[in-house]
Amino acid sequence: LFQDFLLDQGKNDPKKMNHLYKKASDYFIKVNDPEEAIYHLFRCAENNEAARLIETTGPRLLEIGRLRTISKWIEKLDDTLMDQHPRIRILCGDVQRLRSQFEDAIISYKRADRVFARTKDLHGRSQALRSMAQVYLDTIRPLKASSLLEEALALLEPQEHPAEAADLMDQL
């Protein structure tokens, strides 16, 4: 009830509300509560900062099955912002793949791959290709997966990413 009162009062001064939401997001970042921080960043229209946090927080949430939370966040980001944070496109593809939306997942991974190629981010490209290969493995198309995994491995520097290179070799 008190929260509703405060929110109603905040409608009279949107600038102040945005400042308070930003302050709250800073607090939640400081106390290592990224989910609350993301909520408040969206409320004060700091979507770029929210996207940065989604990139780092999303994979952990994916591991514990919080697909809906990730999807809700991604829905609030426009294409331009998604292209500035292509790892979110991979995250989006992962959510789609886990929901058996395989064609949508491939599209998300391809879009991420294009951005990584344009920015010459070989590690990012390798991640996008590996994720794409996982769709083909999930849908029992190992030949397509193999060629993508080989390409992903060729893009990696094994000295810089030994664990990832080993995982890719295991998948081959």
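Residues numbered from 1 in each chain as written. Predicted model: local features only at pLDDT ≥ 70, side-chain atom pairs only at ≥ 80, totals over all residues. Heavy atoms only, no water.

Peer 1: Is there a simple way to think about helix H2 (residues 14–30) in this case?
Peer 2: What sets the pattern is the α-helix's 3.6 residues per turn: residues three or four places apart point alike. When the terminal C-alpha atoms of H2 are compared, their 24 Å separation across 17 residues agrees well with the 24 Å that a helix rising 1.5 Å per residue should span. Within the sequence span of H2, burial applies to Met17, Tyr21, Ala24, Ser25 and Phe28. Down the axis, H2 shows its buried residues gathered within 100° of arc, on one side only. What points out from H2, more than 90 degrees from its buried face, is the exposed set Lys15, Lys23 and Lys30. Remark: asparagine 32 follows H2 within two positions and exhibits a positive phi of approximately 60°. (Helix = DSSP H or I, 4+ residues; strand = E, 2+ residues; numbered from the N terminus. Expected span 1.5 Å × (residues − 1). Buried < 20%, exposed > 50% of the residue type's maximum accessible area, 1.4 Å probe, protein only. Arc of directions from axis to C-beta.)

Peer 1: Mind showing me how you'd approach helix H4 (residues 47–63) here?
Peer 2: Relative to the 24 Å expected for 17 residues at 1.5 Å per residue, H4 spans 23 Å between its end C-alpha atoms, a close match to the ideal helical length. At threonine 57, H4 shows its strongest bend, of approximately 40°, with the proline proline 59 following within four residues. (Bend = angle between axes of the 7 residues up to and from the residue.)

Peer 1: What is the right way to read the pattern of salt bridges from this model?
Peer 2: A full pass over the atoms with the stated rule returns 11 salt bridges. Close ionic contact of arginine 125 with aspartate 113 constitutes a salt bridge, the shortest N to O distance being 2.6 Å. Taken together, the residues arginine 125 in helix H9 (residues 122–138) and aspartate 113 in helix H8 (residues 102–118) connect sequence positions 12 residues apart. On the basis of relative accessible area, aspartate 113 is assigned to the buried category, the value being 12%. Its salt-bridge partner being glutamate 151, residue arginine 125 comes within 3.3 Å of it at the nearest N-O pair. Taken together, the positions of arginine 125 in helix H9 and glutamate 151 in helix H10 (residues 142–155) put the pair 26 residues apart, joining distant regions of the chain. Three or more residues joined by partner-sharing salt bridges are found here, namely Asp79, Asp83, Arg89 and Arg111. (Salt bridge = Lys/Arg side-chain N within 4 Å of Asp/Glu carboxyl O.)

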